[in-house]
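Here's the letter readout for the chains.
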Protein chains: 4
Amino acid sequence: MKEGIKIVTVGGGSSYTPELVEGFIKRYDSLPVRELWLVDIPKGEKKLETVGQLARRMVEKAGIPMEICLTLDRREALKDADFVTTQFRAGLLDARAKDERIPLKYGVIGQETNGPGGLFKGLRTIPIILDIIRDMEELCPEAWLINFTNPAGMVTEAVFRHSNWRKIVGLCNVPIGMKMGVAELLDVKPERISIDFAGLNHMVYGLNVYLDGKPVLDEVIGKLAHPDKGMTMKNIADLGWEPDFIQALRLLPCPYHRYYYQTEKMFEEEKQAAAESGTRAEVVQQLEGELFKLYEDPELAVKPPQLEKRGGAFYSDAACSLIDSMYNDLQDIQPVNTMNRGAIASIPDDSAIEINCVITKDGPKPIAIGDLPVPVRGLVQQIKSFERIASEAAVTKDYHTALLAMSINPLVPSDTKAKQILDEMLEAHGLDFVKRGGERTLVK
Amino acid sequence: MKEGIKIVTVGGGSSYTPELVEGFIKRYDSLPVRELWLVDIPKGEKKLETVGQLARRMVEKAGIPMEICLTLDRREALKDADFVTTQFRAGLLDARAKDERIPLKYGVIGQETNGPGGLFKGLRTIPIILDIIRDMEELCPEAWLINFTNPAGMVTEAVFRHSNWRKIVGLCNVPIGMKMGVAELLDVKPERISIDFAGLNHMVYGLNVYLDGKPVLDEVIGKLAHPDKGMTMKNIADLGWEPDFIQALRLLPCPYHRYYYQTEKMFEEEKQAAAESGTRAEVVQQLEGELFKLYEDPELAVKPPQLEKRGGAFYSDAACSLIDSMYNDLQDIQPVNTMNRGAIASIPDDSAIEINCVITKDGPKPIAIGDLPVPVRGLVQQIKSFERIASEAAVTKDYHTALLAMSINPLVPSDTKAKQILDEMLEAHGLDFVKRGGERTLVK
Amino acid sequence: MKEGIKIVTVGGGSSYTPELVEGFIKRYDSLPVRELWLVDIPKGEKKLETVGQLARRMVEKAGIPMEICLTLDRREALKDADFVTTQFRAGLLDARAKDERIPLKYGVIGQETNGPGGLFKGLRTIPIILDIIRDMEELCPEAWLINFTNPAGMVTEAVFRHSNWRKIVGLCNVPIGMKMGVAELLDVKPERISIDFAGLNHMVYGLNVYLDGKPVLDEVIGKLAHPDKGMTMKNIADLGWEPDFIQALRLLPCPYHRYYYQTEKMFEEEKQAAAESGTRAEVVQQLEGELFKLYEDPELAVKPPQLEKRGGAFYSDAACSLIDSMYNDLQDIQPVNTMNRGAIASIPDDSAIEINCVITKDGPKPIAIGDLPVPVRGLVQQIKSFERIASEAAVTKDYHTALLAMSINPLVPSDTKAKQILDEMLEAHGLDFVKRGGERTLVK
Amino acid sequence: MKEGIKIVTVGGGSSYTPELVEGFIKRYDSLPVRELWLVDIPKGEKKLETVGQLARRMVEKAGIPMEICLTLDRREALKDADFVTTQFRAGLLDARAKDERIPLKYGVIGQETNGPGGLFKGLRTIPIILDIIRDMEELCPEAWLINFTNPAGMVTEAVFRHSNWRKIVGLCNVPIGMKMGVAELLDVKPERISIDFAGLNHMVYGLNVYLDGKPVLDEVIGKLAHPDKGMTMKNIADLGWEPDFIQALRLLPCPYHRYYYQTEKMFEEEKQAAAESGTRAEVVQQLEGELFKLYEDPELAVKPPQLEKRGGAFYSDAACSLIDSMYNDLQDIQPVNTMNRGAIASIPDDSAIEINCVITKDGPKPIAIGDLPVPVRGLVQQIKSFERIASEAAVTKDYHTALLAMSINPLVPSDTKAKQILDEMLEAHGLDFVKRGGERTLVK
Ligand SMILES: [Mn+2]
Ligand SMILES: [Mn+2]
Ligand SMILES: [Mn+2]
Ligand SMILES: [Mn+2]
């Protein structure tokens with residue numbers, strides 16, 4: 001066995017890659033990455049080349065012996081990998097634009113992760129992930145898969161339900177963003193804050209918040225109840241919480257919760273944004289164009305500061321910290337997507353959840369919370385069922401299963417709208433789903 | 001101990017009472033009701049008198065020795081009762097009209113059981129039920145409470161959570177109506193149909209349907225998928241199910257499910273009805289007026305056929321069958337609201353559910369189903385949390401608890417609307433709820 | 001489809017068969033058995049012939065058109081069966097004698113169902129049952145399997161864990177015997193008694209006892225606390241309960257519980273009996289000889305009364321009632337072995353339990369009890385784990401799995417004794433189990 | 001608020017105290033103990049004085065400003081404490097000797113924690129703990145109680161079941177001893193080993209063992225299967241595991257498991273030891289005498305090495321590490337006794353378990369394991385029920401509850417022996433338990 005770590009990044013041509021590279025450079029002492037393989041599809045070859053060259057300049061400047069390998073041959077890359085990270089975007093931003101635009105026509109938020117858009121992103125993404133896993137079973141059976149590709153919760157669920165692979169961790173920067181947000185609210189350094197995270201991806205709550213280990217949830221809630229002060233992410237409008245509502249809830253919601261607790265306002269906001277500046281997908285397309293222009297500059301040998309606008313703040317930190325803790329068996333606490341194993345009582349034991357875990361060489365081990373607070377159990381259960389049925393639809397390509405997923409999504413107001421949106425989206429994405437009726441193996 | 005059974009009906013002046021009386025008359029051989037006490041409040045004295053006289057004429061005509069006792073003194077009535085049935089309407093139909101009208105102004109369905117209207121009906125009803133229970137603990141500790149008063153699920157939950165009384169059964173005519181509807185769809189006699197009911201009150205599903213014991217769910221679903229054929233109740237518009245949706249769901253929904261799966265259409269329907277013929281409360285007020293006119297006729301000595309229009313079809317059958325099975329330990333199967341005890345896995349063991357039970361002298365014993373089908377777990381969980389938090393608000397009269405219940409109701413689209421509707425309804429009903437902040441003992 | 005029911009009895013040459021035949025004759029009006037196929041193995045051909053002729057005389061005398069078919073070809077019999085009952089004894093009484101004798105040498109009770117003997121009976125029986133199921137999947141996929149063969153709990157567990165067949169009910173006469181015993185204790189007719197049964201096969205408890213639907217557990221416990229009055233079965237010594245113990249337990253134990261709560265006394269009793277009159281197997285061998293002599297009498301055309309001594313009292317009633325209720329969808333309550341589905345919280349949902357069920361055409365549906373009383377959860381869990389691991393050993397023929405089952409059995413006092421008994425029994429039964437070490441797929 | 005930490009040790013006159021003092025001295029930089037209060041009862045005054053003087057000499061020699069306060073007034077000590085540790089021995093070693101001697105007469109191991117002896121130790125200890133908690137609620141409501149007093153599992157269970165106090169951690173040196181034992185087996189430094197602990201106090205298993213984060217359970221099992229090599233504690237005989245058994249189990253048992261998996265051999269060992277050198281209590285009495293003689297030496301200013309023989313190895317490390325991690329919110333992993341909260345599926349959520357936890361300022365948070373391996377669920381459940389019923393008996397002083405606890409203990413072979421042992425022990429300890437019959441509130 002060679003010294004050092006081999007990491008493979010599927011979707012390596014993404015504009016996010018410099019984040020990752022920077023993270024590995026910073027941690028080189030504890031996490032000696034020998035080879036970083038960036039893999040992409042032929043359509044992404046040019047971006048891969050651009051990003052790859054930047055990565056090489058960054059590594060060179062840092063003066064560390066990390067080899068950057070670029071390839072379109074995923075199987076070549078996967079051979080003997082130690083960690084595989086996935087950050088590809090199936091269908092690229094064009095597909096995302098459809099995921100967002102079509103539902104809007106029906107008065108419904110697209111929401112590219114837990115909404116109708118997320119259903120379609122899952123339908124595109126899950127078969128690829130399961131394909132990667134089949135390769136990993138053959139080529140690097142000891143490796144861990146660290147998935148960033150959204151919808152990360154649905155993808156993790158799909159892997160648990162539709163493969164025998166268990167060495168997967170789903171990762172998201174929402175929890176770390178919430179921690180940063182709380183630190184800002186309280187005007188303290190982030191490392192003094194800790195939060196008991198539990199829920200699902202993009203549906204995670206802070207059950208308790210601590211400053212230097214002492215509970216300060218009530219203080220944080222008090223600050224959130226001032227409508228002039230919010231806490232959100234680059235890609236989600238901050239409309240403030242209804243002060244009495246946030247006091248009634250007495251939990252720290254995540255930015256995505258606005259889609260469910262402020263559905264009307266969020267819809268109006270999205271509709272207006274789509275009309276004025278384009279949907280989020282369209283904004284991102286523009287941003288990406290600008291970023292790649294910067295990346296092409298042969299003088300650039302660091303991550304450009306403009307990347308942070310892109311919405312993926314802290315991704316690098318989250319991902320590299322996770323890999324570091326796994327590689328070095330650090331047994332520290334990080335919120336990730338993993339198998340429930342009883343940590344949340346009302347979610348099935350073998351479903352994916354997002355929760356604080358002890359991160360070990362043997363994977364994440366979830367900290368038991370008993371059950372979610374009563375007020376949020378229903379919404380969380382609803383999204384969990386949505387993820388589970390959607391992941392089944394991705395595998396079976398059954399029309400009724402997909403319709404069921406669409407219908408039970410909390411953003412979709414009726415059976416008829418569900419069908420209309422589904423039909424138009426299937427058509428727009430060129431997907432051919434079958435009506436099997438009684439035959440299908442719907443989860444019960 | 002005297003021979004025969006003493007039954008007390010709280011809200012005895014209701015227009016439904018002749019249904020009950022007819023039921024007891026029909027079953028006199030197996031269920032010898034010695035005394036039927038009809039109790040009401042002073043405001044209902046006139047109706048009580050009218051209904052009571054009709055009841056006496058019915059009994060006399062039937063030639064059975066059942067004594068009809070009328071009183072405004074609940075405690076006098078409760079003494080040594082064997083069964084207490086509750087069918088009172090707290091705040092009468094005026095209150096219901098507010099429950100329905102106010103949400104409509106905000107674009108929200110009032111829904112007098114599981115919607116915003118149901119929250120307020122619960123806030124009015126639960127303290128009275130808990131008061132009745134305190135009397136029963138003292139005056140008839142061996143009696144069973146059979147509750148028909150809506151929201152029946154929330155009321156049963158409240159009794160389990162906020163009293164030590166366990167001898168309560170919540171009863172609803174929705175399941176029996178579904179059975180009748182299926183029989184009609186299949187054009188067979190109702191007694192040949194059986195249905196595996198599970199869920200919550202007004203949120204119950206038929207998991208399987210049997211004809212002569214053989215599974216026929218797919219056949220029933222096939223018929224429901226023809227949009228010209230529906231299955232509903234007198235008081236709920238039948239808009240037909242989206243054929244592909246009902247095939248995707250492959251469960252028998254109850255009529256109230258339309259509020260959740262067809263929210264927009266139902267809202268439009270309610271709004272139009274309210275504008276044209278008044279809300280359901282207003283329609284019922286009219287119907288009741290007509291009924292009482294009939295009841296006053298001293299020649300009338302049977303239940304008048306017009307009563308069936310009223311919406312409570314089969315109530316009599318459901319209630320009298322239940323009491324009969326309990327009194328005679330028949331151990332037959334009936335769907336009622338009772339304590340979960342593990343019958344539905346993802347609902348807390350000590351919560352109220354509506355489920356097929358074996359009816360015994362020792363109360364109903366729920367038949368275990370494992371868990372609800374994945375697609376409906378979220379919605380059911382959401383209503384269960386709503387019922388639980390609402391019942392806590394009814395007891396604590398805490399503003400934020402009430403707001404939380406309102407906010408998590410699936411019919412309410414945002415935190416801000418929740419607050420607006422709550423505030424206007426609290427005002428309209430003259431309720432004074434307190435903001436306690438951190439002090440309140442919210443269920444977690 | 002032909003009119004009437006086709007029933008197949010595997011192990012049809014058993015001395016119990018006249019019980020069954022009598023039962024079917026009595027119920028012919030509601031349960032029209034067209035053909036009763038008695039199947040046995042070549043070694044049992046003579047007994048099969050004897051019993052079959054007696055059955056034919058019984059049917060003829062009763063004047064009903066039930067055809068008795070005798071065959072050694074199981075597959076011929078299974079074709080298009082409606083119900084298959086299994087009552088064979090793998091290895092016959094010789095094997096049972098070993099199951100009982102060998103443990104005794106090590107100071108351990110053999111106990112042919114939940115003890116070391118039961119482990120070996122399971123190892124012999126389970127492969128045959130799984131074989132029958134493979135035939136049924138092909139030849140009568142709509143039929144129900146009603147299993148009487150012991151260890152009935154372990155067999156049912158094995159079918160749930162190691163096949164996809166779900167249409168199995170495990171049946172035992174212990175619960176009906178307990179009901180008869182209580183009736184005798186209270187000196188009332190058995191039909192006035194009902195009992196809430198829950199637990200495992202031969203490890204079932206009466207949680208409550210009712211007389212005419214009214215709870216009388218305390219009265220029954222009071223009577224059991226009189227040491228001169230017990231309640232047991234023909235094949236289990238009645239040593240009386242320690243009065244204070246039974247009052248402390250406040251549950252109705254089954255006769256087999258004596259093996260666990262009175263281990264020493266039971267051991268002494270068995271040892272002495274084995275020395276004086278032979279083990280139970282040997283006593284039964286003698287009894288069977290006498291019975292078959294009676295059966296051969298061509299004048300005999302009814303079940304001879306001597307059969308009741310044999311230990312299977314009420315088997316006929318239990319089996320025929322079950323088939324009757326299933327065939328006619330009677331939806332009455334009977335205690336059987338079925339899948340848990342959440343009915344007992346601390347037992348896995350997909351494990352076999354013995355519990356009161358509603359008996360329907362679609363199979364038994366367990367009545368939820370919440371959880372077993374705290375004092376008995378451990379013992380029940382221990383036997384459940386024993387059954388589960390033993391059933392895995394029967395399928396994998398893995399030495400360490402079999403040893404684990406033996407070691408965790410509550411009757412076996414140490415790791416070393418477990419190994420000694422296992423080794424001698426494997427040898428005596430000519431079984432060849434493999435040591436696979438880390439490879440084996442032990443349930444976790 | 002004063003700087004530094006105030007710690008109160010109830011049972012401060014114990015021979016173990018120098019362990020604790022040494023631990024606090026070593027960690028003074030991170031864990032600045034301002035005052036260490038040693039509390040004892042009048043009967044222990046002399047020992048308290050001796051130990052207290054030694055502690056003062058130790059602190060002085062270490063040159064740190066930690067004040068050692070000695071008192072017989074518990075309430076004075078508790079005022080404003082930050083941590084309270086309990087290490088008292090109710091009834092002293094005389095009582096323990098009875099706990100061990102009496103069962104032996106009946107052929108039963110006394111086992112002072114999870115056996116009949118443990119029941120009586122619990123009956124003596126629990127009321128005192130609940131008394132201390134009542135004082136803490138008043139005098140130091142923010143403090144944490146760290147309980148070392150055995151039976152630590154039963155005591156923690158009692159606090160959860162019979163008080164509203166939640167700030168308790170039960171601590172034992174068995175897990176750390178197992179870690180040391182594994183390190184020795186593998187001949188590596190202990191800090192390279194980590195173990196997934198789960199179970200109950202003195203009934204804890206290592207589910208997985210890691211060396212530098214990599215799974216090595218099979219290697220450890222392989223070594224344990226060599227009968228010449230064991231892993232145990234000072235106070236438990238090491239008889240070696242049956243090699244095939246330990247390979248079948250494939251879990252790391254704790255030393256106390258020998259009492260359950262090797263009952264006969266352990267009994268013989270204990271009986272012989274009792275005859276030759278006295279029971280463990282008697283051996284300890286002798287050891288203590290010698291230790292106190294050493295402690296009296298005014299020249300002694302360090303923990304004497306002889307203390308390690310005493311059986312409490314690593315107690316100091318376990319206790320001081322725990323307090324350090326809590327005080328400094330270190331969020332590291334330690335195995336302690338805490339509330340389940342779903343971490344182990346088949347144990348009630350609100351029961352005490354011993355499990356790996358993240359140790360925070362807000363207390364320990366258990367890591368979810370799903371469920372215990374099937375083979376050990378029964379035994380663990382049995383001890384859990386024993387602990388739960390025993391703790392109820394300690395509070396209610398009900399005879400039948402105590403008898404039930406005794407009867408279901410896996411070391412007790414029959415109802416009759418249970419009663420005999422109970423009666424003799426109640427008599428010997430001068431305890432007066434009441435027979436309440438149906439009245440008692442037995443957990444169900
Ligand atoms: Mn994310
Ligand atoms: Mn209703
Ligand atoms: Mn049996
Ligand atoms: Mn210990």
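The structure presented is a predicted model; accordingly, all values stated were derived computationally and were not measured. (Residues numbered from 1 in each chain as written. Chains lettered and ligands numbered in written order. Predicted model: local features only at pLDDT ≥ 70, side-chain atom pairs only at ≥ 80, totals over all residues. Heavy atoms only, no water.)

1. Describing the coordination of the manganese ion (ligand 4)
Residue and element names in this part refer to chain D. The protein atoms donating to the manganese ion (ligand 4) are Cys172 (SG) and His202 (NE2), with metal-donor distances spanning 2.2 to 2.3 Å. Here the residue cysteine 172 occupies a position in the loop between strand S6 (168–170) and helix H7 (174–186), and histidine 202 occupies one in the loop between strand S7 (193–200) and strand S8 (203–211), the gap between them amounting to 30 residues. Accessibility classification places cysteine 172 together with histidine 202 in one group, the buried group. (Donors = N, O, S within 2.8 Å, 3.2 Å for Na, K, Ca; no water. Helix = DSSP H or I, 4+ residues; strand = E, 2+ residues; numbered from the N terminus. Buried < 20%, exposed > 50% of the residue type's maximum accessible area, 1.4 Å probe, protein only.)

2. Digging into the interface of chain A and chain D
Each partner contributes residues to the interface: chain A has 23 residues there, and chain D has 23 residues. Summed over both sides, the interface between chain A and chain D buries roughly 1,800 Å², with carbon and sulfur atoms accounting for 53% of that surface. On inspection of chain A and its partner chain D, the count reaches two salt bridges. Residue lysine 365 of chain D is joined to aspartate 196 of chain A by a salt bridge in which the shortest nitrogen-to-oxygen separation is 2.8 Å. (Contact = heavy atoms within 4.5 Å. Buried area = accessible area lost by both parts, 1.4 Å probe. Salt bridge = Lys/Arg side-chain N within 4 Å of Asp/Glu carboxyl O.)

3. Concerning the relation of the copies chain A and chain D
What relates the two chain copies is a rotation about an axis together with a slide along it. Note on the copies: chain A fits chain D at an RMSD of 0.0 Å, the axial shift is 0.0 Å, and the rotation between them is 180°. When the rotation and shift are considered jointly, the pair of chain copies conforms to a two-fold rotation axis. Closest to the rotation axis within chain A is the C-alpha of isoleucine 367 of chain A, separated from it by 2.1 Å. (Least-squares fit on C-alpha atoms with pLDDT ≥ 70 in both.)

4. Things to note about the pairing of strand S3 (residues 67–71) of chain D
With five bridges joining them, strand S2 (residues 33–39) of chain D and S3 of chain D adopt parallel strand pairing. Within the sheet, the bridge partner assigned to tryptophan 37 of chain D lies in S3 of chain D and is cysteine 69 of chain D. (Pairing = 2+ DSSP bridges.)

5. Describing the environment of tryptophan 144 of chain B
Residue and element names in this part refer to chain B. Topologically, tryptophan 144 is positioned in strand S5 (residues 144–147). Note on tryptophan 144: relative accessible area 11%, which makes it buried. Expressed as a C-alpha distance, the spacing of tryptophan 144 and valine 169, which sit 25 residues apart in the sequence, is 7.7 Å.

6. So, the UniProt feature "binding site: substrate" (unreviewed entry) in chain A
All names here are of chain A. Annotation from UniProt places "binding site: substrate" (unreviewed entry) at Arg96 and Asn150. A maximum C-alpha distance of 11.1 Å places the annotated residues, which cover 55 residues in sequence, within one compact spot. Positionally, arginine 96 belongs in helix H4 (residues 92–105). Look past the residues within four positions of arginine 96 in its chain and what remains in contact with it is Arg89, Glu112, Arg124, Arg280 and Ala281. Excluding residues that lie within four positions of it along the chain, asparagine 150 makes contacts with Glu112, Thr113, Lys121, Thr125, Asn201 and His202. (UniProt positions renumbered as here; feature names shortened; annotations may be inferred.)

7. With respect to the interface of chain D and chain C
Chain D puts 47 residues into the contact, and the matching count from chain C is 47 residues. Where chain D abuts chain C, roughly 4,100 Å² becomes buried across the two surfaces, and 53% of that area is made up of carbon and sulfur atoms. The tally of links from chain D across to chain C stands at eight salt bridges. Here aspartate 415 of chain D makes a salt bridge to lysine 265 of chain C, at a shortest N to O gap of 4.0 Å. The interface formed by chain D and chain C holds 22 residue pairs in polar contact (both at pLDDT 80 or more) in total. Residue assignment for the side of chain D that touches chain C shows that the elements contributing at least two residues are helix H9 (243–249), helix H10 (258–261), helix H11 (263–276), helix H14 (374–396), helix H15 (399–408) and helix H16 (415–428) of chain D. Tallying contributions element by element places H14 of chain D first for the side of chain D that touches chain C, with 10 residues. (Polar contact = N/O pair within 3.5 Å; in protein donor to acceptor, adjacent residues only side chain to side chain.)

8. Description of helix H1 (residues 17–26) of chain A
Residues and elements named next belong to chain A. For H1, the buried fraction is high: eight of the 10 residues fall into the buried class. All of the buried residues in H1 are Thr17, Pro18, Glu19, Leu20, Val21, Gly23, Phe24 and Ile25. Among the structural elements, strand S1 (5–10), strand S2 (33–39), helix H2 (45–62), strand S4 (83–86), helix H12 (280–296) and helix H13 (315–327) are those in contact with the buried residues of H1.

9. What to know about the nonpolar core
Judged by nonpolar contacts, the single largest core of 306 residues is most densely connected at Phe24, Met66 and Ile146 of chain B together with Phe24, Met66 and Ile146 of chain C. Residues lining this core come from more than one domain, with at least three contributed by each of domain 1 (5–91 + 107–170) and domain 2 (381–439) of chain A. If near-sequence neighbours (up to four positions away) are discounted, isoleucine 146 of chain C is found in contact with Phe83, Val84, Thr85, Thr86, Val169, Leu171, Leu322, Ile323 and Met326 of chain C. Counting residues in each nonpolar core, the second largest holds 304 residues, with Val412 of chain B, Ile129 and Ile408 of chain C together with Leu211 of chain D among its members. (Core = buried A, V, L, I, M, F, W, Y, C linked by side-chain atoms within 4.5 Å. Domains from an automatic or database assignment.)

10. As for the UniProt feature "site: Increases basicity of active site Tyr" (unreviewed entry) in chain A
Residues and elements named next belong to chain A. Listed under "site: Increases basicity of active site Tyr" (unreviewed entry) in the UniProt record, and renumbered for this structure, are Glu112. Structurally, glutamate 112 can be placed in the loop between H4 and helix H5 (116–139). Judged by its relative accessible area of 8%, glutamate 112 is buried. Filtering out sequence-adjacent residues up to four positions away, glutamate 112 remains in contact with Arg89, Arg96, Glu100, Gly117, Gly118, Lys121 and Asn150. A polar contact of 3.2 Å, which involves the side chain of glutamate 112, links it to the side chain of arginine 96.

11. Quick notes on the coordination of the manganese ion (ligand 2)
On the protein side, the manganese ion (ligand 2) has Cys172 of chain B (SG) and His202 of chain B (NE2) as donor atoms, found 2.2 to 2.4 Å from it. Cysteine 172 of chain B gets classed as buried once you look at its relative accessible area, which sits at 5%.

12. Things to note about the relation of the copies chain D and chain C
Each copy superposes on the other: chain D lies on chain C with an RMSD of 0.1 Å after a rotation of 180° and an axial shift of 0.0 Å. Of the residues that chain D buries at the interface, 98% are likewise interface residues in chain C, meaning the two copies contact each other through the same surface.

13. With respect to the packing of H4 of chain A against H12 of chain A
Residue and element names in this part refer to chain A. Taken N-terminus to C-terminus, the directions of H4 and H12 make an angle of 155°; their axes are 8 Å apart at the nearest point. When the axes of H4 and H12 are compared, the pair comes out roughly antiparallel. Contact with H4, carried on its side by Leu93, Asp94, Arg96, Ala97, Glu100 and Arg101, involves Arg280, Ala281, Glu282, Val284, Gln285 and Glu288 of H12 and no other residues of that element. Considered class by class, the residues forming the contact of H4 with H12 number four nonpolar, one polar and seven charged. (Axes fitted to C-alpha atoms, helices over the stretch in contact; angles between N-to-C directions. Parallel < 35°, antiparallel > 145°, perpendicular 65-115°, else oblique. Nonpolar A, V, L, I, M, F, W, Y, C, P; charged D, E, K, R; others polar.)

14. Side note on the packing of aromatic side chains
Inspection of the entire model under this criterion finds 28 aromatic pairs over all chains. A ring pair is formed by tyrosine 16 of chain D and tyrosine 315 of chain D, whose centres lie 5.6 Å apart and whose planes are at 55°; its orientation type is tilted. Of this pair, tyrosine 16 of chain D sits in the loop between strand S1 (5–10) and helix H1 (17–26) while tyrosine 315 of chain D sits in helix H13 (residues 315–327), placing them 299 residues apart in sequence. A residue is classified by how much of its surface remains accessible, and tyrosine 16 of chain D, at 17% relative accessible area, is buried. Pairwise contacts between aromatic rings join Tyr16, Phe148 and Tyr315 of chain A into one cluster. Here the basic side chain of lysine 361 of chain D rests over the ring of tyrosine 327 of chain D, its NZ or CZ set 5.2 Å away from the ring centre. The ring of tyrosine 399 of chain D carries lysine 435 of chain D above its face, with NZ or CZ at 4.9 Å from the centroid. (Phe/Tyr/Trp six-rings, centres within 6.5 Å; stacked < 30°, edge-to-face > 60°. Lys NZ or Arg CZ within 6 Å of the ring centre and 35° of its normal.)

15. Quick look at the packing of H4 of chain A against helix H16 (residues 415–428) of chain A
All names here are of chain A. Direction vectors running N to C along H4 and H16 enclose 145°, while the axes themselves pass 10 Å from each other. Handedness of the crossing formed by H4 with H16: right-handed. Along the contact surface, H4 presents Lys98, Asp99, Ile102, Pro103 and Lys105, while H16 presents Ile421, Glu424, Met425 and Ala428. Among the residues forming the contact of H4 with H16, the class breakdown is five nonpolar, no polar and four charged. (Left-handed = near helix turned anticlockwise from the far one by under 90°.)

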